[in-house]
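Letter by letter, the chains look like this.
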Amino acid sequence: MKSLLLAVLVLTLFDLRAADDRKHSSCSSPLGDSGPVSETAFSATAPRFNAEEAYSAHMPEHLRSDACRAIAFQMQKYLTKAESKWSSAKVPAARLSESEYVDTLENSCSQSWENYGVKEVGGVKRFAGPGLNSQETMTVMMTGGPWPARLYKLCHSYLGEFGEEQIYAEYRRRPAALAEFLCAEEQRACTRLSDTKGKNLNKAKALQSEL
């Protein structure tokens, strides 16, 4: 009986460590690069999705940080392009009217999102596409499927949560830092997720040491 319990604990410990590595690594640096990584650690294989990643209507928690940065990048890109139409040498940063920035942000969310997809490197799934820095060159990115609809839905949820007026105000204040504003909660969610996995891992280790 004791041997069986020990075996269960070992498997639990292994699963928790693997899950913790996946979740923590995928959102460890939501507002910037994830740091240099050795290319020898990766293999170019297509990502393998679990049930949530393949079938859920919502963006999986561990990918929301990357998705948020992609959305912030597109919002900034669309707003910059819209402002440039009215800019001149005398007025380099013309302010959009309410109807203009509302339409621009709506258009940024309603795009096809066809240039974004998910890759898996070293067992860790990450979003890839414009505005998302990537250190790896030999990877397989899966586009299409449920990802465009999830990005569309998440982008519109930000419009509903923050409002176009506040998003545009933050863009005008610090255009390049729009991701910091939009993705602050995603970062906190990633931190909470990592902390929970870490606590469960520590509990499993403690129980194993008692046997």
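Presented here is a report on the structure given in the accompanying data block.

Parameters and conventions
Residues numbered from 1 in each chain as written. Predicted model: local features only at pLDDT ≥ 70, side-chain atom pairs only at ≥ 80, totals over all residues. Heavy atoms only, no water. Helix = DSSP H or I, 4+ residues; strand = E, 2+ residues; numbered from the N terminus. Buried < 20%, exposed > 50% of the residue type's maximum accessible area, 1.4 Å probe, protein only. Pairing = 2+ DSSP bridges. Axes fitted to C-alpha atoms, helices over the stretch in contact; angles between N-to-C directions. Parallel < 35°, antiparallel > 145°, perpendicular 65-115°, else oblique. Left-handed = near helix turned anticlockwise from the far one by under 90°. Contact = heavy atoms within 4.5 Å. Nonpolar A, V, L, I, M, F, W, Y, C, P; charged D, E, K, R; others polar. Polar contact = N/O pair within 3.5 Å; in protein donor to acceptor, adjacent residues only side chain to side chain. Disulfide = S-S within 2.5 Å.

## Quick word on the environment of G123
Considering the arrangement of structural elements, one finds G123 in the loop between β1 (117–121) and β2 (124–128). In this structure the C-alpha to C-alpha distance between G123 and R48, which are 75 residues apart in sequence, comes to 9.1 Å.

## Remarks on unusual backbone geometry
Located in the positive-phi region is W113, a residue other than glycine, with phi close to 60°. Structurally, W113 is set in the loop between α4 (98–109) and β1. Note on W113: relative accessible area 1%, which makes it buried.

## What to know about the sheet that holds β1
Spatially, β2-β1-β3 is the arrangement adopted by the three strands of the open sheet, whose pairing is antiparallel. Of all the strands in the sheet, just β2 and β3 (141–143) have a single pairing partner and so form its edges. Pairwise comparison of adjacent strand axes, ignoring direction, gives a mean angle of 30° for this sheet. Sheet analysis places β1 next to β3, joined by three bridges and oriented antiparallel. Residue pairing for β3: G117 is matched across the bridge by T143.

## Description of the packing of helix α3 (residues 64–84) against α4
As a packed pair, α3 and α4 sit with axes 9 Å apart at the nearest point and diverge in direction by 140°. Considering their axes alone, α3 and α4 lie oblique with respect to each other. Crossing hand, α3 versus α4: right-handed. Of the residues in α4, those touching α3 at Q74, M75, Y78, L79 and A82 are Y101, T104, L105, N107, S108 and C109. When the residues that make up the contact of α3 with α4 are grouped by side-chain class, the tally is seven nonpolar, four polar and no charged.

## Topic: the side chain of Q111
Looking at where Q111 falls in the secondary structure, it is placed in the loop between α4 and β1. At 3.2 Å, the side chain of Q111 and the side chain of Q74 are in polar contact. A distance of 2.8 Å separates a polar atom in the side chain of Q111 from the backbone oxygen of S108. Excluding its chain neighbours within four sequence positions, the residues that come into contact with Q111 are Q74 and Y78.

## What to know about the state of the cysteines
Covalent bonding between the sulfur atoms of two cysteines defines a disulfide. Summed over all chains, the structure comprises two disulfides. Across the disulfide, C68 is cross-linked to C183 (sulfur-sulfur distance 2.0 Å). Given an S-S torsion of about -100°, the disulfide between C68 and C183 has left-handed geometry. Here the residue C68 occupies a position in helix α3, and C183 occupies one in the loop between α7 (178–182) and α8 (184–210), the gap between them amounting to 115 residues. For the pair C68 and C183, one class covers both residues: buried. Note on cysteine connectivity: C109 is disulfide-linked to C155, with sulfurs 2.0 Å apart. On the sign convention where negative is left-handed, the bridge of C109 and C155, at about -70° about the S-S bond, is left-handed. Taken together, the positions of C109 in helix α4 and C155 in helix α5 (residues 147–162) put the pair 46 residues apart, joining distant regions of the chain. Listing the disulfide partners of the chain by sequence rank of the bonded cysteines yields 1-4, 2-3.

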